[in-house]
Amino acid sequence: MNAFLPADILMPKTDHMEKWAVIACDQFTSDQAYWDRVRKNAEGAVSTINLILPEAELGTEKEAKHTAEINATMKKYMEDGVFTVYPNSFVYVERTLENGSVREGLVGMVDLDAYDYTPGATSAIRATERTVPERIPPRLKIRDGALLELPHILVLIDDEKKTVIEPLAEKLQNTEKLYDFDLMQNGGHIEGWFVNNEGMIEDVISALNALVDPNKYGTEMPPLLFAMGDGNHSFATAKANWEKVKATLTPEEQADHPARFALVELENVHDDGIVFEPIHRVVFNVHVPAFLEALKAKLAEQNNGECEINFYDCECCMEKAEKAAPEGAHVIPVITENGKGLIVVAKPNAQLEVGTLQNALDVVLKATEGATIDYIHGADVVNDLGSKHGNIGFLLPPMEKSAFFRTVVFDGALPRKTFSMGEAHEKRYYLECRKICK
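Residues numbered from 1 in each chain as written. Predicted model: local features only at pLDDT ≥ 70, side-chain atom pairs only at ≥ 80, totals over all residues. Heavy atoms only, no water.

Focus on the sheet that holds strand β17 (residues 339-345)
Here is step 1: Sheet architecture is open: six strands sit in the order β15-β17-β16-β19-β14-β18, paired in antiparallel fashion. With partners counted over all chains shown, the strands left at the sheet margins are β15 (307-312) and β18 (372-376), one partner each. Each strand of the sheet is rotated relative to its neighbour by a mean of 25°, with strand direction disregarded.
Here is step 2: Where strand β16 (residues 330-336) and strand β19 (residues 392-394) come together, two bridges link them in antiparallel fashion. Bridging across to β19, Ile335 finds its partner in Gly393.
Here is step 3: Running over the sheet, helix α8 (residues 288-302) touches β14 (280-284), β15, β16, β17 and β19 and is turned about 145° from β15. (Pairing = 2+ DSSP bridges. Helix = DSSP H or I, 4+ residues; strand = E, 2+ residues; numbered from the N terminus. Axes fitted to C-alpha atoms, helices over the stretch in contact; angles between N-to-C directions. Contact = heavy atoms within 4.5 Å.)

So, the nonpolar core
Here is step 1: One finds Trp20, Trp35, Phe83, Tyr179, Phe181 and Leu431 to be the most contacted residues of the largest nonpolar core, which totals 49 residues.
Here is step 2: In contact with Tyr179, not counting residues within four places along its chain, are Met11, Met17, Val91, Val93, Ile190, Glu191, Gly192, Leu431 and Glu432.
Here is step 3: Grouped together as the second largest cluster of nonpolar side chains are 41 residues, Leu224, Val334, Leu396 and Met399 included. (Core = buried A, V, L, I, M, F, W, Y, C linked by side-chain atoms within 4.5 Å. Buried < 20%, exposed > 50% of the residue type's maximum accessible area, 1.4 Å probe, protein only.)

Looking at the pairing of β14
Here is step 1: Of all five residues in β14, four are buried; the element is thus mostly enclosed.
Here is step 2: Alignment of β14 against β19, held across three bridges, turns out to be antiparallel. The residue of β19 that forms the bridge with Arg281 is Phe394.

What to know about the environment of Asn383
Here is step 1: Note that Asn383 resides in helix α11 (residues 379-386).
Here is step 2: C-alpha separation for the pair Asn383 and Gly393, spaced ten residues apart in sequence, amounts to 6.6 Å.
Here is step 3: If sequence neighbours within four positions are ignored, Asn383 has contacts with Ile335, Lys340 and Leu395.

A few points about the pattern of salt bridges
Here the idea is simple: oppositely charged side chains can pair when their charged atoms come close.
Here is step 1: One pass over the full model with this rule turns up 26 salt bridges.
Here is step 2: With a closest N to O distance of 3.6 Å, Lys162 and Asp272 form a salt bridge. Within this pair, whereas Lys162 is found in the loop between β8 (154-157) and β9 (177-182), its partner Asp272 is found in the loop between β12 (261-268) and β13 (276-278), the two being separated by 110 residues in sequence. (Salt bridge = Lys/Arg side-chain N within 4 Å of Asp/Glu carboxyl O.)

A look at the packing of α8 against helix α10 (residues 353-366)
Here is step 1: Following both chains from N to C, one finds α8 and α10 inclined at 125°, their axes separated by 9 Å at the closest point. With respect to their mutual orientation, α8 and α10 come out oblique. Like other packed secondary-structure pairs, α8 and α10 cross with a definite hand, here right-handed. Seen from α8, the contacting residues are Phe291, Ala294, Leu295, Lys298, Leu299 and Gln302; seen from α10, they are Thr356, Leu357, Asn359, Ala360, Leu361, Val363, Val364 and Leu365.
Here is step 2: Of the residues assigned to the contact of α8 with α10, the class counts are ten nonpolar, three polar and one charged. (Parallel < 35°, antiparallel > 145°, perpendicular 65-115°, else oblique. Left-handed = near helix turned anticlockwise from the far one by under 90°. Nonpolar A, V, L, I, M, F, W, Y, C, P; charged D, E, K, R; others polar.)

Let's talk about the packing of aromatic side chains
We describe a pair of aromatic rings using the distance from one ring centre to the other and the angle between the two ring planes.
Here is step 1: Scanning the model with the defined rule gives 16 aromatic pairs in all.
Here is step 2: Ring geometry for Tyr115 against Tyr117: centres 6.0 Å apart, planes inclined by 50°, an arrangement best described as tilted.
Here is step 3: Judged by its relative accessible area of 2%, Tyr115 is buried.
Here is step 4: Classification of Tyr117 as partly exposed rests on a relative accessible area of 25%.
Here is step 5: Ring centres 6.0 Å apart and planes at 75° place the aromatic pair Tyr179 and Phe181 in the edge-to-face group. (Phe/Tyr/Trp six-rings, centres within 6.5 Å; stacked < 30°, edge-to-face > 60°.)

Okay, structure coming up:
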């Protein structure tokens, strides 16, 4: 069976799509005011805010209340005939971001039996970030017994020649447009087209199958076709729920049970609208010289015995030192109250600088009483925080999109907070739904 398939997609009958669609639940986790505005904007209308639990509400008095309401609201929406069913379909999506760039996607369902998020997995669909088991139960509480699923999950393919998704844009003349509207809260614009033409579906699946090349990355390891882009823990929750349901079914019942599949948006990692932005690190509340000395020792231990940390009097000297680093070395700028320097790991074992740094940081942080770490998007913020007493900032380079799949194949799941696919308001909004119960 193919791992990516058309689905029976549900879309709401509403004239207010801008109230229906809300952003992924794992965004604005420290900004309850954002979610309060969403609820106010959607008041009185059918909306996905009534079908999801924002992570900003986890651990608050709102969690239990809203969790109890979600499944009841799903049932009411179904009984009230809120949805139109588009059987055996894909949805081709064009998302225009605030900067004008356009990101193309294809909504369909993936087979959860082809997915494994455990470390070292060699399945066709793999996690790209370490899955934290503790983050699954609150999500599972909602999915367990839910009538519907709504995806904010983005799954990536490595399609450099743009053969799978992009050709659909030229075949939409006789295709029904499902939606065309501005997303709330500065989310940009989105358009979606109903794709159920048998020939178009066959072309997509054929092009996907052609991407499977066991030798693509110069290794005999099982091929990787789909890699998680966003929504890793939501996808892991769907998998956990399926394993629970699966245990109650006969092999014949398992074959086409709706819980076996999860609705996702497929995107091409080479899409011009996808930008991998680096996520930097700042360590707080440490004795800086001792921490750096311990970090240097751990980096050397983990990377063939070679690591240097040097500080420089001027930017010019620092630039010369960076250019003089050995070929293949990982060079990581570091900021402290005493100035700026470079960590140079001459013979790294990891594919990416973030892997080299995080592997050592995890060990040294654990051994440093009172130390904490935060993950920062902007370099300016890192420079400011890192220069304060007791802090250290680490600047990481953006990950090349061409290196993404190769890194997952060779290194397995990436360190947490390796990259971000755009800013928070550019994440996926909930739009399409699918039944996940018989």
